[in-house]
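# Observations on chain architecture
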Amino acid sequence: MAQRSSFADAMARFPGAVTIITTREYDLPYGMVATAVCSLSADPPSLIVCLNKDTSAHDPILRQKLFAVNLVSGEHVHVVRHFMASKGRDRFNLGDWKTLVTGAPILDNATVAFDCELSEVHDGFTHSILIGTVKDCHISTVVDQTCLLWHGRDFAGPSRLPG
């Protein structure tokens, strides 16, 4: 079995899209930064999100059975850094937040935001593997907006191939 340190070094070379996962419980917003998100199915529209069980947003998501996935661009680095450095509702002091169908906070100018209902939860050792059915999505009207990546233990942007 691979050692934890070599696995972490290998995963640092594996780029991931930076997202802000959010929920709401008792009128309080909860959120965290995550890169372990991917599409699952187009019918029904659904996503897979892997959340560390120790995060403050984990249990509220499981209790409320709703969450949003906000894919952020390079323009949002300051929002993401603020999320990483803050706790609780202070994380939402930056950015323009709104809601769609479920009531989970959506970053208004995110590249895309998926508003999800939690449909299944699976154990993933230190993480929970969430399957969310997409109830609504908000796509940015900014044409050139790209996603922010996490690569090499730092923020990066997608590279554009010639041609």
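Everything below is about the structure shown above.
Residues numbered from 1 in each chain as written. Predicted model: local features only at pLDDT ≥ 70, side-chain atom pairs only at ≥ 80, totals over all residues. Heavy atoms only, no water.

### What about a nonpolar patch on the surface?
The grouping of F7, M11 and F14 at the surface amounts to a nonpolar patch, some 340 Å² of accessible area in total. With respect to the helices and strands, F14 occurs in the loop between α1 (4–11) and β1 (16–17). Classification of F14 by relative accessible area gives exposed; the value is 57%. (Patch = residues over 30% accessible without salt bridge, like charges linked within 9 Å, V, L, I, M, F, W, Y side chains within 5 Å. Areas by Shrake-Rupley, 256 points an atom, 1.4 Å probe, with all protein chains shown as cover. Salt bridge = Lys/Arg side-chain N within 4 Å of Asp/Glu carboxyl O. Helix = DSSP H or I, 4+ residues; strand = E, 2+ residues; numbered from the N terminus. Buried < 20%, exposed > 50% of the residue type's maximum accessible area, 1.4 Å probe, protein only.)

### Some words on the side chain of H58
For H58, the position within the fold is in helix α2 (residues 58–64). By relative accessible area, which is 5% here, H58 ends up buried. When neighbours within four sequence positions are excluded, H58 is seen to be in contact with L51, N52, K53 and S128. (Contact = heavy atoms within 4.5 Å.)

### Re the sheet that holds strand β5 (residues 45–52)
Taken in spatial order, the 7 strands line up as β3-β2-β6-β9-β10-β5-β4 in an open sheet, and their pairing is antiparallel. Of all strands in the sheet, those bounded by a partner on one side alone are β3 (28–34) and β4 (37–42). Averaged over all neighbouring strand pairs, the angle between strand axes comes to 35°, with direction disregarded. The pairing of strand β2 (residues 19–25) with β3 spans 7 bridges and is classified as antiparallel. Paired with T22 across the two strands is G31, which belongs to β3. (Pairing = 2+ DSSP bridges. Axes fitted to C-alpha atoms, helices over the stretch in contact; angles between N-to-C directions.)

### With respect to the pairing of β4
Strand direction decides the pairing type here: β4 and β5, joined by 5 bridges, are antiparallel. Looking at β5, one finds that S41 is bridged to S46. What sits between β4 and β5 in their antiparallel hairpin is a turn of 2 residues.

### Topic: the pattern of salt bridges
Using the criterion set out here, one finds 5 salt bridges in the structure. Note that D108 is salt-bridged to K98, the shortest N-O span being 3.3 Å. Taken together, the residues D108 in the loop between β8 (105–107) and β9 (112–124) and K98 in strand β7 (residues 97–99) connect sequence positions 10 residues apart. Relative accessible area serves as the criterion here: at 34%, D108 is assigned to the partly exposed category. E117 is paired through a salt bridge with K135; the nearest N and O atoms lie 3.9 Å apart. Separated by 18 residues along the polypeptide, E117 in strand β9 and K135 in strand β10 (residues 127–139) bring together distant segments of the chain.

### Describing the sheet that holds strand β12 (residues 154–156)
Across the sheet, which stays open at both edges, the 3 strands sit in the order β1-β11-β12 with antiparallel pairing between neighbours. Whereas interior strands pair on both sides, the edge strands pair on one side only; in this sheet they are β1 and β12. As judged from the 3 bridges shared by strand β11 (residues 149–151) and β12, these two strands associate in the antiparallel manner. Paired with H151 across the two strands is D154, which belongs to β12.

### Concerning unusual backbone geometry
The amide bond that connects D43 to the next residue, P44, takes the cis arrangement and shows omega of 0°. Relative to the assigned elements, P44 resides in the loop between β4 and β5. You will see that D27, though not glycine, has its phi angle at about 65°, which is positive. When you line up the elements, D27 lands in the loop between β2 and β3. The backbone phi angle of F125 is positive, close to 65°, even though this residue is not glycine.

### Description of the side chain of T22
Topologically, T22 is positioned in strand β2. A distance of 2.5 Å separates a polar atom in the side chain of T22 from the backbone oxygen of P105. Residues within four places of T22 in sequence aside, it is in contact with Y30, G31, L66, F67, A68, N70, F92, W97, A104 and P105. (Polar contact = N/O pair within 3.5 Å; in protein donor to acceptor, adjacent residues only side chain to side chain.)

No statement about biological role is implied by the geometric values presented.
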